[in-house]
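# Structural description and commentary
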Amino acid sequence: MAIVVYKTSRVIVQGITGKEGRYHALACRDYGTKVVGGVTPGKGGSDVDGIPVFNTVEEAVQKTNPNVSLIFVPPPFAADAILEAVGSGIKIIVCITEGIPVLDMVKVKRVIEKEGIILIGPNCPGIITPDASKIGIMPGHIFKRGSIGIISRSGTLLYETADQISKVGLGQSTCLGIGGDPIVGTDYIFWLERFEQDPETEAIMIVGEIGGDAEEKAAEYIKAHVTKPVFAFVAGASAPKGRRMGHAGAIIMGKKGTVESKYNALKEAGVHIIENPGYIGETIYKTLKEKYHFSI
Amino acid sequence: MAIVVYKTSRVIVQGITGKEGRYHALACRDYGTKVVGGVTPGKGGSDVDGIPVFNTVEEAVQKTNPNVSLIFVPPPFAADAILEAVGSGIKIIVCITEGIPVLDMVKVKRVIEKEGIILIGPNCPGIITPDASKIGIMPGHIFKRGSIGIISRSGTLLYETADQISKVGLGQSTCLGIGGDPIVGTDYIFWLERFEQDPETEAIMIVGEIGGDAEEKAAEYIKAHVTKPVFAFVAGASAPKGRRMGHAGAIIMGKKGTVESKYNALKEAGVHIIENPGYIGETIYKTLKEKYHFSI
Amino acid sequence: MKLHEYQAKELMSQYEVPIPEGRVAYFPYDAWMVAMELGFPVVLKAQVLTGGRGKAGGVKIAKTADEARDIAQELFGKTLVTAQTGPQGVKVRKLLVEKVSSIKRELYFSITIDRTIGKPVVIASKRGGMSIEEVSELYPEDIIKIPIDPAVGFLPYQIRRLKYDLDLVEQEKEISRIVSNLYKLFMDKDCSLLEMNPLVVTDTNHLVALDAKIEIDDNAIFRRKEIAKMRDLTEYDPDELEARFAGLNFIKLDGDIGCMVNGAGLAMATMDVIKFAGGNPANFLDVGGEATPDTIAKGFEIITRDPKVKAIFINIFGGIVRCDKVANGILQALKTVEVKVPIVVRLTGMNKEEGMEMLKNSGLAFSVAQDIKEAAHMITQITKPKKEENQTTKETNKKEK
Amino acid sequence: MKLHEYQAKELMSQYEVPIPEGRVAYFPYDAWMVAMELGFPVVLKAQVLTGGRGKAGGVKIAKTADEARDIAQELFGKTLVTAQTGPQGVKVRKLLVEKVSSIKRELYFSITIDRTIGKPVVIASKRGGMSIEEVSELYPEDIIKIPIDPAVGFLPYQIRRLKYDLDLVEQEKEISRIVSNLYKLFMDKDCSLLEMNPLVVTDTNHLVALDAKIEIDDNAIFRRKEIAKMRDLTEYDPDELEARFAGLNFIKLDGDIGCMVNGAGLAMATMDVIKFAGGNPANFLDVGGEATPDTIAKGFEIITRDPKVKAIFINIFGGIVRCDKVANGILQALKTVEVKVPIVVRLTGMNKEEGMEMLKNSGLAFSVAQDIKEAAHMITQITKPKKEENQTTKETNKKEK
């Protein structure tokens, strides 16, 4: 089963005629993803290696019937691109763009809050269900279809984690990066809920980072609602403190945001902590085999 | 059971020190409603015949633990008053005020859309569960506890309808006016759903008006979801045409909005139409007794 | 509140929306002067607060200044009858004289509030010039509706959609500026309707708002002083205006039964019940929540001004106000206004009995009814004494149940 | 981007927020002049982009112009060390000289973005002057948090709440204007933090922003030209600045293992894995998605500038870019930059084998690792040859599984 994206997902790429958009639209298609169209205002009527290009998402929706949009639009125009996808009825939106102004995202968040939209990102590597559909910029070859769901805040750490998991002989059901910006479309909880319900997913890996309180909230949720084994690594144990957050930012967080705070919360929720990122694959393998008697 | 307001409802009155606010706060209390507090900025610390007055809704909420707010604030400040109630965590808001600018209500609507707020009104008579709680400006003595739920767009027509129903020996579970303004907090459907689920309500009366397409939408909903007998009267069969709506307004509605259109839709949904408002009580009585074999 | 075309265009022009060159003319000589100044041909457009004036002969083209003056002379004071005005029509008191634009294409564009979703919505179409109702009936696929989320306003992608769907790629900057500014105008001035029909593409490929219509939310005029000043009282029916001054809501109709009711819904229902009893209401009149002697007196005054009125139906549901107070108000009012036609009163609510007693014992020619169907029956008995009542009366006996 | 206090106050003043009279001084003589102009006493405040300058001796009061000059002389060039700056501290290059205000009460007020709810939030407290973290720890009940719905902005009722909760009934108009204008400023200029601590009530009962702090969203500076001009490059660490010019994200730390990684998350994890292996990273360096010879060369250049660096750890996960290209980039870079310390490379992703072969066969002193834990082990072997490795090595054998 996997979650959210499947073999049947039909994807349009906003910003498909840009360098990055073109490269990844084709890379996704090569992976097997159904890339049915692209959007670049002013380039309607042309095509990218056979993928038809439209002027507006509205038109792309009418002509190609997609259910996912993958966005590579430059930061100044990216929020508008997300809202164009929303306004055209697309419910799953993956925004790769890094560097969108925060206040633009405040507006986007306000709009999608009530529309039942799944916005992955911005500033994320995308989402992949191995051997079925890759919607993002991740290297497809490191993923292997299997039973671990991965939720990551960072892109390269998602790759690192998936790679370690693949190398110990396990695989992934669905993997995604929720995005590294202050305001992103989804939190861990959203994905935990779906992985918990997905029959294919047998264990969940969380790849967190210092800052914010998303991991603490995830821990609360796990404690109350998740029955499957959960593993977590939080990057930044060695990061220098106090270099980024302003005072007002700090107070919203209270004492949350440090690696210790996150690990404490996660431990209390029964999550298996992997402190050293060199041992993610091994630890998952060993724990699932020895503690949960998985036949791997 | 009745719906939404009960003997246990705890009400604060925003604008309690104004003439209207004061009069109706006391009238509601006289009826038996638990009026626990009032709000008038600048009058905090005083009281209205023993009802404590606060400067802000926030403070009233902390000190009196209400779950309903009844608003009598003048039009220029009424939208702010609604949003103050929302921002202070109150989930049931009854706004009596008439004459709120439409664009103010556009904003209010946008805010409450995602917060799970029940906004009754504006420009409405309020809501009453006879013999339990009256939260509004309706004359309490014409209502009688019973099994008919009434949803009305107009205030005086709600009274007329309830009065006729009481006079034939039936009574009401809960009655309310959804409000006469272009943009109001709830539609018929919201209330139909609740009346359908309420064990005390055995039949539902809709009192509509020409214009808009709220009755047409209600008809669709009734057809699909309502099993209880529904009656409807739509005022305005004799009203002169084309005096109010602009062209752009007309097109949004298509051909909806006339009494014929509304009756056709309602008839098709199995609703009992009462064309002549002089016979509301009688028709309901007769129909329930003869067609539904109610033992009245 | 509806604005005149010239007022709407003035506002739009303040928001940098291109409009044709033109001036208002109050006298035929003005039209001559303006035509001389603008050059020929010019178009003379009656400034009346109703649609359909073109079909009614309110828009004419003049090729010379003299012709402009002659047409103006003919239009001033003329009564235009359109579907919206009813048979009485509206008088032409002002003309807008404009330079004639060269038209390549006509578009439709408007912003209004969609009640159903509670948001502003842009409606546009390639098919301008004809009524939008007609377009929506004949070519529904050519109507573009774009809801605007007030949390974020009109967005660049929505402008792109208009650009492509209306075929305005060449006019991208213009349409973008026009739409953004019109949305700003809509929000700034509390509009309830803002319409350009047609918005034209000229033969030099520029956009111009050839016709313009703006309606302002009456409830918001208190905070729009610059708009309040634009109100043109000459365009109002004098009776309706007088009622409004007194806090009443009055609309003239063409029947013979005067109505005085509290609450708009009950007023409509009262008219309905009269119709079902075979009668014909002479007016809609909502006296509001409090029926004081003053408002009631003003109601009598306005109703009885119509010589067609044969009887008056007073229907008061005493919600807040007690019935004895209302009865007293009626009696007080009748001391100041002479009413020569019969009055049927239906009073209900708090202290109903006392109120009815007071009216009965007043020595005046009241008929007092128990409920609205009885009242309707009584009043149609008066206005149509010879005619059999329709089916509604058959059921009257059942009312005791 | 952090603004200086004087820049923040300048912006606030444009938005009609009252600030104390004052001027910036660049030289001791300026301080003397400004003090003469303003009258006494004056306060001299070091303009440095860090908090806690007061405790570090960066704020002084002068009672005469001469004293102002003397204090200025002492402050200019002084290094302030605060909790935020780390041991290296920051140099004082500018002073803000202000007239001393008479203070009746000190309040706290800020606007920032609450990531969790994705909205701006106002934070205020009666307890100004102390750090808000301290207030939130000691007096959590005295902190007012008001989220702002961007769909409607800051609302009158929220201003009323501040008025009553901060006891500003007398200053109602002032606080209302200040808060509305600050919210506007926050949105207009893409702020991420806007703080007044303290906002004071003077002894004549007026409000004044005694201290002001503004941070601007770096991602939005492209559309705020007036803000972009305020950037003060003298306040940046030269290495970090140079890295930024080259598109790298570099932060200096105090260990001895240089790191070069692609991706911020992986860069952090690389530092973590080094720590767990008993080593100490000398820096954080994210070379971004594409590791070109130029960016790699610049990375080597900046890393090796630090004499403490004993070895370099290159950790590249070839997501988009192929490993043979990265290996080639490293080899090209080493032709332009001389690197004298050992390099441990871990390359993975597309064409990993080819890339590793290229490095091994280059004749240069590379150690090539299969994965990050092996790489971390290798590099700590180099930097701490004598010391026993910690527990992580015990598990190394299991990696073959």
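Residues numbered from 1 in each chain as written. Chains lettered and ligands numbered in written order. Predicted model: local features only at pLDDT ≥ 70, side-chain atom pairs only at ≥ 80, totals over all residues. Heavy atoms only, no water.

### A few points about the interface of chain C and chain B
- Of the residues lining the interface, 69 residues belong to chain C; the matching set on chain B comes to 60 residues.
- Summed over both partners, the interface of chain C with chain B buries about 5200 Å², with 61% contributed by carbon and sulfur atoms.
- Where chain C packs against chain B, one counts 5 salt bridges.
- Between R223 of chain C and D104 of chain B there is a salt bridge, with the nearest N and O atoms lying 2.9 Å from each other.
- Our count for the contact surface shared by chain C and chain B stands at 11 residue pairs in polar contact (both at pLDDT 80 or more).
- A per-element tally of the side of chain C that touches chain B places helix α9 (residues 264-276) of chain C first, with 9 residues.
- Split by residue class, the side of chain C that touches chain B holds 27 nonpolar, 17 polar and 25 charged. (Contact = heavy atoms within 4.5 Å. Buried area = accessible area lost by both parts, 1.4 Å probe. Salt bridge = Lys/Arg side-chain N within 4 Å of Asp/Glu carboxyl O. Polar contact = N/O pair within 3.5 Å; in protein donor to acceptor, adjacent residues only side chain to side chain. Helix = DSSP H or I, 4+ residues; strand = E, 2+ residues; numbered from the N terminus. Nonpolar A, V, L, I, M, F, W, Y, C, P; charged D, E, K, R; others polar.)

### Thoughts on the interface of chain B and chain A
- Taken together, the contact between chain B and chain A spans 4 residues of the former and 4 residues of the latter.
- Taking both partners together, chain B and chain A bury about 400 Å²; carbon and sulfur atoms supply 48% of that area.
- When the buried surface of chain B facing chain A is broken down by residue, R110, E113 and K114 of chain B rank first, second and third, together holding 94% of it.
- Here chain B is connected to chain A by 0 salt bridges.

### Quick word on the relation of the copies chain B and chain A
- Mapping chain B onto chain A calls for a screw motion: a turn of 180° about the axis and a shift of 0.0 Å along it, with 0.0 Å RMSD after fitting. As the rotation angle and translation indicate, the two copies are arranged about a two-fold axis. Across chain B, the rotation axis passes nearest the C-alpha of K114 of chain B, at a separation of 2.8 Å.
- Both copies share a contact surface, since 100% of the interface residues of chain B are interface residues in chain A too. (Least-squares fit on C-alpha atoms with pLDDT ≥ 70 in both.)

### Some words on the side chain of T129 of chain A
- Take T129 of chain A: it is sitting in strand β8 (residues 126-129).
- If we skip the residues at most four places from it in the chain, T129 of chain A touches A2, I3, V5, Y31, R145, S173 and T174 of chain A.

### Quick look at the UniProt feature "binding site: substrate" (unreviewed entry) in chain C
- When the UniProt feature table is mapped to this numbering, "binding site: substrate" (unreviewed entry) covers N262, G319, I320 and V321 of chain C.
- Along the chain, N262 of chain C turns up in the loop between β14 (257-261) and α9.
- Assessed through its relative accessible area of 4%, N262 of chain C is described here as buried.
- Not counting chain neighbours up to four residues away, the residues in contact with N262 of chain C comprise T156 of chain B together with D286, V287, G288, N315, I316 and F317 of chain C.
- Tracing the backbone through its elements, the reader meets G319 of chain C in the loop between β16 (311-318) and α11 (323-336).
- G319 of chain C gets classed as buried once you look at its relative accessible area, which sits at 12%.
- Those residues in contact with G319 of chain C that sit more than four places away from it in its chain are P139 and Y159 of chain B. (UniProt positions renumbered as here; feature names shortened; annotations may be inferred. Buried < 20%, exposed > 50% of the residue type's maximum accessible area, 1.4 Å probe, protein only.)

### Here's the deal with the domain arrangement of chain C
Residue and element names in this part refer to chain C.
- Entries for chain C in the domain assignment read domain 1 (1-19 + 101-234), domain 2 (20-99) and domain 3 (236-381).
- Inter-centroid distance (C-alpha atoms) of domain 1 to domain 2 is 23 Å.
- Taken together, the contacts link 15 residues of domain 1 with 16 residues of domain 2.
- Taken over both partners, the interface formed by domain 1 and domain 2 buries close to 1300 Å², and the fraction arising from carbon and sulfur atoms is 46%. (Domains from an automatic or database assignment.)

### Some words on the sheet that holds strand β6 (residues 92-95) of chain A
Residues and elements named next belong to chain A.
- Pairing in this open sheet of 7 strands is mixed, and the strands run β3-β4-β2-β1-β5-β6-β7 from one edge to the other. The outermost strands of the open sheet, each flanked by one partner alone, are β3 (47-48) and β7 (118-120).
- Examined bridge by bridge, β6 and β7 share 3 bridges and lie parallel to one another. Its bridge partner lying in β7, I92 is registered against I118.
- Helix α1 (residues 19-31) contacts β1 (10-14), β2 (34-39), β3, β4 (51-54) and β5 (68-71) of the sheet and is inclined by roughly 160° relative to β2. (Pairing = 2+ DSSP bridges. Axes fitted to C-alpha atoms, helices over the stretch in contact; angles between N-to-C directions.)

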